[in-house]
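Below, each chain spelled out in residue letters.
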Amino acid sequence: MNRILLVEDEADVRMLLEHVLLSAEYQVDSVATVEAACALLDTQSYDLVVADGRLEDGTGMMVAEKAGESGTKVLIITGYAFDLPRDQLERYEFLLKPVRPYELLDAIERVLDGARS
């Protein structure tokens, strides 16, 4: 079973995404901040980080950088991808909000399998 760290600062969205992931039989830890995500990444091992692009205390790319230190794969979900520098768009897999559950699950499988879209 793949283990996912979900980082989303909006409680309702976090709860919905967590439900989708748990229903798909992923093991999920979820947090609301960059700080909490980095603390978990220091002590836990994950197959994938799914992070919101904009968070209360930073960005999903900050979490992605931390995850990259251990080789953890990353999927960023954002409504602001077009505001990001090109190098960040090329470095990470992105989904644009709003995201449908099947799009999320397809993207997760794609990232876990190592394919870039």
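Structural data are supplied above this passage.
Residues numbered from 1 in each chain as written. Predicted model: local features only at pLDDT ≥ 70, side-chain atom pairs only at ≥ 80, totals over all residues. Heavy atoms only, no water.

Caption draft 1: How the structure looks around the packing of helix H1 (residues 11–23) against helix H5 (residues 101–112). Put simply, H1 and H5 touch, their axes get as near as 11 Å, and they point 60° apart. Taken together, the axes of H1 and H5 lie oblique to each other. Judged by the twist between their axes, the crossing of H1 over H5 is right-handed. Contacts between H1 and H5 involve Leu 17, Val 20 and Leu 21 from the first element and Pro 101, Leu 104, Leu 105 and Ile 108 from the second. Residues that form the contact of H1 with H5 fall into these classes: 7 nonpolar, no polar and no charged. (Axes fitted to C-alpha atoms, helices over the stretch in contact; angles between N-to-C directions. Helix = DSSP H or I, 4+ residues; strand = E, 2+ residues; numbered from the N terminus. Parallel < 35°, antiparallel > 145°, perpendicular 65-115°, else oblique. Left-handed = near helix turned anticlockwise from the far one by under 90°. Contact = heavy atoms within 4.5 Å. Nonpolar A, V, L, I, M, F, W, Y, C, P; charged D, E, K, R; others polar.)

Caption draft 2: Inspection of the pattern of salt bridges at higher detail. Taken as a whole, this structure holds 7 salt bridges when the rule is applied. For Lys 66, the salt bridge identified is with Glu 69, shortest N-O distance 3.5 Å. What you see here is one network of salt bridges that share partners, running through Glu 8, Asp 52 and Lys 97. (Salt bridge = Lys/Arg side-chain N within 4 Å of Asp/Glu carboxyl O.)

Caption draft 3: The nonpolar core, seen in detail. Counting residues in each nonpolar core, the largest one holds 19 residues, and the members touching the most others are Leu 5, Val 7, Val 49, Val 63 and Ile 76. Elements with a minimum of two residues in this core: strand S1 (3–7), helix H2 (34–43), strand S3 (48–52), helix H3 (60–68) and strand S6 (73–78). Residue contacts for Val 49: discarding those within four places in its chain leaves Leu 5, Val 7, Leu 41, Val 63, Ala 67, Thr 72, Lys 73, Val 74 and Leu 75. (Core = buried A, V, L, I, M, F, W, Y, C linked by side-chain atoms within 4.5 Å. Buried < 20%, exposed > 50% of the residue type's maximum accessible area, 1.4 Å probe, protein only.)

Caption draft 4: Spatial organisation of the environment of Glu 56. The residue Glu 56 is located in the loop between strand S4 (54–55) and strand S5 (58–59) in this model. What makes Glu 56 exposed here is its relative accessible area of 65%. Spatially, the C-alpha atom of Glu 56 lies 7.8 Å from that of Ala 32, the residues being 24 residues apart in sequence. When sequence neighbours within four positions are dropped, the list of residues in contact with Glu 56 reads Asp 9 and Thr 33.

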